[in-house]
Amino acid sequence: MVPMKKFTAKKMRILGIILVLFPMLCRLMTVPVSSNESEVLASIALPKESTVLTEASAADISVTGTTGTLVLDQELLEVPVIKRAYLTFDDGPSPNTDQILDILNLYGVKATFFVNNKEGEENILRYQRIVNEGHTIGLHSSTHIYRQVYQSEQAFVADYLTNQAYIAQITGVTPVIYRFPGGSNNSVSKLDTSVFINILNQNGIPYYDWNAYVGDAVKNIRSAKQLTENALNGCNGKNDVMILLHDLTEKKTTVEALPAIIEGLIERGYVILPIDTSVPSSTPTFHFK
Ligand SMILES: [Zn+2]
């Protein structure tokens, strides 16, 4: 019979060793397990410390893993700039309007027409085509006769309302946006044009000048090639361009130049848009200083 004292002492030593080693072995072998799946997901999704990453700080992140280093490039995080071009046709409608509309349709492009009051069945159909084909129609005075339009504040308001009522009656659309004949900083007005700008501003009427032009306003007719060059050169260095063109009988080279102008704008990365009158702030402001 093994003496109880000896047996107990030996057993106690072994038991003591086991008691010391067992928790250590458990810690080494056991992977902590979260109580449910959502906790696991949360521990993956959230960093240990709540950190808001700005674009700049995110760009500086580099993650080193077992297979290599992932570096986030700042350029990949930058939102591409949207370049916007607005084709605007003044002084129409005219016998050229139909051709202009056909070309715009061919390219699937919408434009803006700042129109005057023109009589005759053919012109009535042209106003209606502009609206029905999804282009924006704006006002450009009823007569375009500077001394009448800019004679006084009252004359300016009366002319605007005559222009507006005429287009509304023909198209069913009441235009609001305005382009000053000669531009908002013209020197043909008897009064300082700030008087008329104030009237528009007080009535919440947006007006648009331009920052590029084809150069078809001069008396000497320029070639389509030259007009195209003028338009595209005028876009250099600009993300948003509003291009002035004219819709008048004698401006035939403007019509001839239009396809090359549209193609040139597309090649340069522009999205061609009409002025958006439903959300005016979505169209950039083009004002002469
Ligand atoms: Zn004009």
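For the structure, see preceding data.
The rules we used
- Residues numbered from 1 in each chain as written.
- Predicted model: local features only at pLDDT ≥ 70, side-chain atom pairs only at ≥ 80, totals over all residues.
- Heavy atoms only, no water.
- Helix = DSSP H or I, 4+ residues; strand = E, 2+ residues; numbered from the N terminus.
- Buried < 20%, exposed > 50% of the residue type's maximum accessible area, 1.4 Å probe, protein only.
- Contact = heavy atoms within 4.5 Å.
- Areas by Shrake-Rupley, 256 points an atom, 1.4 Å probe, with all protein chains shown as cover.
- Phe/Tyr/Trp six-rings, centres within 6.5 Å; stacked < 30°, edge-to-face > 60°.
- Lys NZ or Arg CZ within 6 Å of the ring centre and 35° of its normal.
- Expected span 1.5 Å × (residues − 1).
- Arc of directions from axis to C-beta.
- Salt bridge = Lys/Arg side-chain N within 4 Å of Asp/Glu carboxyl O.
- Donors = N, O, S within 2.8 Å, 3.2 Å for Na, K, Ca; no water.
- Core = buried A, V, L, I, M, F, W, Y, C linked by side-chain atoms within 4.5 Å.

**Here's the deal with the overall build of the protein**
Here is step 1: Secondary structure assignment for the protein yields eleven helices and eight strands.
Here is step 2: When burial is assessed residue by residue, the protein has 37% of its 289 residues classed as buried.
Here is step 3: Contacts in the protein between residues at least 24 apart in sequence constitute 73% of all its contacts with a sequence separation of at least 6.
Here is step 4: Surface accessibility of the protein: about 17,600 Å² in total, with carbon and sulfur atoms responsible for 59%.

**Observations concerning the packing of aromatic side chains**
Any two aromatic rings considered together are summarised by their centre-to-centre distance and by the angle between their planes.
Here is step 1: For the structure shown, the criterion picks out 13 aromatic pairs.
Here is step 2: Ring centres of Tyr-150 and Phe-196 lie 5.4 Å apart, and the angle between their planes is 40°; this geometry places the pair in the tilted category. Remark: Phe-196 occurs in helix α9 (residues 194–202) and Tyr-150 occurs in the loop between α7 (146–149) and α8 (153–171); sequence separation between them is 46 residues.
Here is step 3: Classification of Tyr-150 as buried rests on a relative accessible area of 1%.
Here is step 4: With 5.8 Å between their ring centres and 20° between their planes, Phe-156 and Phe-180 make a pair best called stacked. Here Phe-180 lies in the loop between α8 and α9 and Phe-156 lies in helix α8, a separation of 24 residues in the sequence. A single burial state applies to Phe-156 and to Phe-180, both of which are buried.
Here is step 5: An aromatic cluster is defined as three or more aromatic residues linked by ring pairs; in this entry it consists of Tyr-146, Tyr-150, Phe-156, Tyr-160, Tyr-178, Phe-180, Phe-196 and Tyr-207.
Here is step 6: Over the ring of Tyr-270 we find Lys-83, and its NZ or CZ is 4.5 Å from the ring centre.

**Considering helix α6 (residues 121–132)**
Here is step 1: Over its twelve residues, α6 runs 16 Å from end to end, which matches the ideal 16 Å to within 8%, given 1.5 Å per residue.
Here is step 2: All of the buried residues along α6 are Asn-123, Arg-126, Tyr-127, Ile-130 and Val-131. Around the axis of α6, the buried residues are gathered within 135° of arc, so they sit on the same side. In α6, the exposed residues that point more than 90 degrees away from the buried face are Glu-121, Glu-122 and Asn-132.
Here is step 3: Once α6 ends, the next one or two residues include Gly-134, with phi positive near 85°.

**Regarding the pattern of salt bridges**
Here is step 1: One pass over the full model with this rule turns up eight salt bridges.
Here is step 2: Across the salt bridge formed by Arg-129 and Glu-133, the nearest N and O atoms sit 2.6 Å from each other.
Here is step 3: One salt bridge in this structure joins Glu-229 and Lys-225, with 3.1 Å as the shortest N-O distance. Taken together, the positions of Glu-229 and Lys-225, both in helix α10 (residues 224–233) and four residues apart, correspond to about one turn of that helix.
Here is step 4: Here the salt bridges do not stand alone but share partners, grouping Asp-98, Asp-102, Glu-122, Arg-126, Arg-129 and Glu-133 into one network.

**Overview of the coordination of the zinc ion**
Here is step 1: Coordination of the zinc ion by the protein comes from Asp-91 (OD), His-140 (NE2) and His-144 (NE2), over a distance range of 2.1 Å.
Here is step 2: Donor residues binding the zinc ion come from one chain and are separated in sequence as D-x48-H-x3-H.

**Some words on the nonpolar core**
Here is step 1: Of all hydrophobic cores here, the largest spans 49 residues; its most connected members are Leu-87, Leu-104, Tyr-178, Ile-243 and Leu-265.
Here is step 2: A per-element tally of this core places helix α11 (residues 252–267) first, with six residues.
Here is step 3: Once residues within four sequence positions are removed from consideration, Leu-87 is found in contact with Leu-104, Val-109, Ala-111, Thr-112, Ile-243, Leu-245, Leu-258, Ile-261, Ile-262, Leu-265, Ile-272 and Leu-273.
Here is step 4: If you look at the next biggest cluster of nonpolar residues, it comprises seven residues, including Tyr-86, Phe-114, Ile-177 and Phe-286.

**Let's talk about the side chain of Thr-254**
Here is step 1: Looking at where Thr-254 falls in the secondary structure, it is placed in helix α11.
Here is step 2: Among residues more than four places away in sequence, those in contact with Thr-254 are Asp-216, Leu-227, Leu-245 and His-246.

**What to know about unusual backbone geometry**
Here is step 1: Cis peptide bonds are those with omega within 30 degrees of zero, and the linkage from Gly-92 to Pro-93 qualifies with 0°.
Here is step 2: Tracing the chain through its elements places Pro-93 in the loop between β3 (83–92) and α5 (97–107).
Here is step 3: Not every positive phi belongs to a glycine, and Asp-91 is a case in point at roughly 80°.
Here is step 4: Its location among the elements puts Asp-91 in strand β3.

**Quick look at the side chain of Thr-283**
Here is step 1: By the element assignment, Thr-283 lies in the segment after β8 (270–272).
Here is step 2: Among all residues touching Thr-283, those that are not within four sequence positions of it are Tyr-86, Tyr-208, Ile-275 and Asp-276.

**Observations concerning α8**
Here is step 1: Look at α8: 27 Å from first C-alpha to last across 19 residues, which is about the 27 Å you get at 1.5 Å a residue.
Here is step 2: Along α8, the positions that sit buried rather than exposed are Ala-155, Phe-156, Asp-159, Tyr-160, Asn-163, Gln-164, Tyr-166, Ile-167, Ile-170 and Thr-171. End-on, the buried residues of α8 take up no more than an arc of 165°, which puts them together on one face. When the buried face of α8 is taken as reference, the exposed residues oriented beyond 90 degrees from it are Gln-154 and Gln-169.
Here is step 3: Two residues or fewer past α8, Gly-172 is found with a positive phi of approximately 80°.

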